[in-house]
Amino acid sequence: MKETFDLIDYALQKSGLEELKDPTQVQYLGEGAWHYAYLVQLRIGDPVVVRFPKAEAYGRKIEFDEAASYAEYAGTKAYYELANSVKPGICPEFFYYHVEKDKTFTVESYAGKAIKLEHFTYVEAFQVGAELGEFFRNMNTAKHGLKGFGYLQWNGNKIEGQIKSSASAFMKEENEEYISDFKKFMNTYNSSIHPAALIQLQECMKNREIDEHNITFANQDTSPENVLIHLDGRVSLIDPVPILYSGDSLAGNFLNNYRTLFPTFYNAPRYAKHEFDRFEDRLHRMADGFLEGYSNGDLIVKQRVKQEEFIQLTSLAASHWELLQSDELTSEQKIRYGEREAIANRIPVLVKRIEEFQWTDEKSGTKLA
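Residues numbered from 1 in each chain as written. Predicted model: local features only at pLDDT ≥ 70, side-chain atom pairs only at ≥ 80, totals over all residues. Heavy atoms only, no water.

Focus on the pairing of strand 1 (residues 26-31)
The cut-off we apply is this: Pairing between two strands requires that DSSP report at least two bridges joining them. Elements are defined by DSSP. Helices are runs of H or I of four residues or more, strands are runs of E of two residues or more, and each kind is numbered from the N terminus.
One ladder, built from 5 bridges, connects strand 1 with strand 2 (residues 35-40); its direction is antiparallel. Bridging across to strand 2, Glu31 finds its partner in Tyr36. Counted along the chain from strand 1 to the antiparallel partner strand 2, the turn is 3 residues long.

In structure tokens form, the structure reads like this:
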């Protein structure tokens, strides 16, 4: 514990905060996939969270990678700053990071406790989803000033998107890959899939495009464990996975995660402890609220987001089938997806959701297909 205490003290002082005096100021919060987290009660000022990267994640040893660390933490800092300019307090106001072998850390404002789905009413779940949806919508028009497209990388001086080619050309290729992968899945899967699924996927791609002028600085990871609720009901987000991409696509990803991925991955080690399958109804209400908040009553926007959700759903099923074709699953794949039996059993569930996908807007009764 002394070694950890010394590291926390080092992090606090390096961040320009006070010296750590008493071990009772430190409380172990837990661990995520990539970091250990500690809550520190400062003698002067609000509490902060100190995080250290784990030496092993998803079953493999993590070697120190300076550029990757800078890309991750500088990306988080940039996202927090832009998000807070759009909606003050949505992310930690203070964030400091330091990259050094064996002494890498982040220090950020303590934003509160993660939501407890078992304590949520349907109304509260909808309201939280709506607030997040409105925030996502407003982030679409926020000026981020970052170059490139896709996931972030560190160029030695600053962060930028990994993809330097035309975003429009990249998305066109991506559309073709989605269709090709799903066709392969349909042709080799050991059970039938209604042909309307492929037709619908092709329809989703007809107007799916992006250009350099509407690339959003978005967050790919808004799982319930990263959504925090303050005592006064305000919502905060932590631990983003920033990406320069289509805002509508990330909105569709949110819907697919909350309606399908989280509740069906209950038997994957990465998600098992959360027991999301027990709270599928609340997750669905959060997704419903998100769509309303994001679309703001615009049925064209709803249609685009529903199309993106369908694309994510079909891709999820196809990727599951591809995993089963490999000779052996890696440790990371087993943690993320579960063992072969879990993956095989999940595919028919995903196919059923594809075939029964709801294209009608419940609020207006309008068909969105």
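Back to the write-up after that little detour.
Thoughts on empty space enclosed by the protein
Just so we agree on the cut-off: Cavities and pockets were defined on a 1 Å grid built from protein atoms only: a cavity is a group of points that admits a 1.4 Å probe but offers it no way out, a pocket is an open group of points flanked by protein on both sides within 12 Å along at least five of seven lines, and a lining residue is one with an atom within 4 Å of any such point. Grid points are joined across faces, edges and corners, and a volume is the space filled by probe spheres set on the points.
Evaluated as defined, the whole model comprises 1 cavity of 30 Å³ or more. Empty space within the largest cavity amounts to approximately 40 Å³. Looking at the lining of the largest cavity, the elements with two or more residues in it are helix 3 (122-139) and strand 11 (216-219). Ranked by residues supplied to the lining of the largest cavity, first place goes to strand 11 with 4 residues.

Things to note about helix 5 (residues 196-205)
Quick reminder of the rule: Buried means the residue's accessible area, taken with a 1.4 Å probe over protein chains only, is under 20% of the maximum for its type, while exposed means over 50%, and partly exposed covers the values in between. What the arc describes is the spread of directions from the helix axis to the C-beta atoms.
Within the sequence span of helix 5, burial applies to Ala197, Leu198, Gln200, Leu201, Cys204 and Met205. Viewed end-on, helix 5 has its buried residues packed into an arc of 160 degrees, placing them on one side of the element.

Observations regarding the sheet that holds strand 11
Applied cut-off: Working convention: axes come from line fits to C-alpha atoms, limited for helices to the stretch in contact. Angles between N-to-C directions cover 0 to 180 degrees. When checking whether two residues touch, look at their non-hydrogen atoms; a contact exists if any pair is within 4.5 Å.
If you trace the 4 strands from one edge of the open sheet to the other, you get 10-9-14-11, paired in antiparallel fashion. Looking at strand neighbours, the two that pair on one side only are strand 10 (159-163) and strand 11, the edges of this open sheet. Direction aside, neighbouring strands of the sheet carry axes that sit 45 degrees apart on average. Where strand 9 (residues 149-154) lies against strand 10, 4 bridges are found, and the strand directions are antiparallel. When the bridges of strand 10 are listed, Phe149 appears paired with Ile163. Across the sheet, helix 6 (residues 247-264) lies against strand 11 and strand 14 (242-245), angled at about 130 degrees from strand 14, the strand it touches most.

Some words on the packing of helix 4 (residues 167-188) against helix 9 (residues 299-325)
Short version of the rule: Between 65 and 115 degrees an angle is taken as roughly perpendicular, under 35 as roughly parallel, over 145 as roughly antiparallel, and anywhere else as oblique. Here a crossing is called left-handed whenever its near helix is offset anticlockwise from the far helix by less than a right angle, and right-handed whenever the offset is clockwise. Ten residues, namely Ala, Val, Leu, Ile, Met, Phe, Trp, Tyr, Cys and Pro, are considered nonpolar, four, namely Asp, Glu, Lys and Arg, are considered charged, and the remaining ones, Gly among them, are considered polar.
The contact between helix 4 and helix 9 brings their axes to 9 Å, and the two run at 50 degrees. In this view, helix 4 runs oblique relative to helix 9, as classed from their interaxial angle. Helix 9 is crossed by helix 4, and the crossing has left-handed handedness. Contact residues: Tyr178, Asp181, Phe182, Phe185 and Thr188 in helix 4; Ile311, Gln312, Thr314, Ser315, Ala317, Ala318 and Trp321 in helix 9. Tallied by class, residues from the contact of helix 4 with helix 9 come to 7 nonpolar, 4 polar and 1 charged.

Read these as geometric descriptors, not functional statements.
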